[in-house]
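Examining the three-dimensional arrangement
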Amino acid sequence: MNRFSIAALLVLAAGLGAGVTIYFTADDPAPNAYLIVGDTAYAYDAATSKTYVRQLERFGGKSAVLFDEFNRWFASLWQGKRLGITIAALSAGAALALFGLARGRSGGSP
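Treat the numbers as computed from the prediction; the structure is a model and nothing was measured.

Turning next to the pairing of strand S1 (residues 33-37). As paired strands, S1 and strand S2 (residues 40-44) are joined by five bridges and run antiparallel to one another. Note on S2: the bridge partner recorded for Val37 is Thr40. Between the end of S1 and the start of S2, which pair antiparallel, lie two residues, with Gly38 showing a positive phi angle near 65°.

Below, the discussion takes up the packing of aromatic side chains. Enumeration over the complete set of coordinates arrives at five aromatic pairs. Centre to centre, the rings of Tyr23 and Phe24 are 5.3 Å apart; their planes meet at 85°, and the pair counts as edge-to-face. Geometrically, the ring pair formed by Phe70 and Trp73 is tilted, given 5.7 Å between the ring centres and 40° between the ring planes. Linking Phe70 with Trp73, this pair stays in helix H3 (residues 62-76), spanning three residues, or about one helical turn. In this structure Trp73 comes out as partly exposed when scored by relative accessible area, which is 43%. Cluster of aromatic residues (ring-pair linked, three or more members): Phe70, Trp73, Phe74 and Trp78.

Looking now at the layout of surface pockets. The volume enclosed by the largest pocket comes to roughly 180 Å³. Together, Asp28, Pro29, Ala30, Pro31, Asn32, Ala43, Tyr44, Asp45, Ser76, Gln79, Lys81 and Arg82 line the largest pocket. Of all the elements in the fold, those that place two or more residues in the lining of the largest pocket are S2 and helix H4 (81-105). Along the lines of polarity and charge, the residues of the lining of the largest pocket split into five nonpolar, three polar and four charged.

On to the side chain of Thr86. In this fold, Thr86 is placed in helix H4. Of note is the side chain of Thr86, whose polar atom sits 3.0 Å from the backbone oxygen of Leu77. Residues in contact with Thr86, not counting those within four places in the same chain, are Leu77 and Trp78.

Take the packing of helix H2 (residues 50-60) against H3 next. Relative orientation of the contacting elements H2 and H3 amounts to 125°, with a least axis distance of 6 Å. As summarised for this structure, H2 and H3 are arranged oblique, according to the angle between their axes. Taken together, the residues of H3 that come into contact with H2 (itself represented by Tyr52, Val53, Leu56, Glu57 and Gly60) are Lys62, Ser63, Ala64, Val65, Asp68 and Arg72. When the residues that make up the contact of H2 with H3 are grouped by side-chain class, the tally is five nonpolar, two polar and four charged.

Reading the values: the criteria
Residues numbered from 1 in each chain as written. Predicted model: local features only at pLDDT ≥ 70, side-chain atom pairs only at ≥ 80, totals over all residues. Heavy atoms only, no water. Pairing = 2+ DSSP bridges. Helix = DSSP H or I, 4+ residues; strand = E, 2+ residues; numbered from the N terminus. Phe/Tyr/Trp six-rings, centres within 6.5 Å; stacked < 30°, edge-to-face > 60°. Buried < 20%, exposed > 50% of the residue type's maximum accessible area, 1.4 Å probe, protein only. 1 Å grid on protein atoms, 1.4 Å probe; cavity = no way out; pocket = protein on both sides within 12 Å on 5 of 7 lines; lining within 4 Å. Points joined across faces, edges and corners; volume = space filled by probe spheres on them. Nonpolar A, V, L, I, M, F, W, Y, C, P; charged D, E, K, R; others polar. Polar contact = N/O pair within 3.5 Å; in protein donor to acceptor, adjacent residues only side chain to side chain. Contact = heavy atoms within 4.5 Å. Axes fitted to C-alpha atoms, helices over the stretch in contact; angles between N-to-C directions. Parallel < 35°, antiparallel > 145°, perpendicular 65-115°, else oblique.

Set out below in structure tokens:
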């Protein structure tokens, strides 16, 4: 077992440990708007309302709507429980890359 294999195992263990810890301790982000119907308040995201999307498309076109949706999706990866999943996935990818590098250095045999 060479240095890259050991590094891959350490990266995988640390990343999965951090990801699981974040996932189970993080709270989901608080809603930014509420809709009140009668005596009940319902949480919703004002940026995904039909009015917002219609105005955004009117001023920027369909590409502005697509870029806005992509930006919101990408930003959501870095908060709450999804951050734990993101860190675990990135560490698994880095560990896989290190393991591939270790396998390439050893001539193809583990």
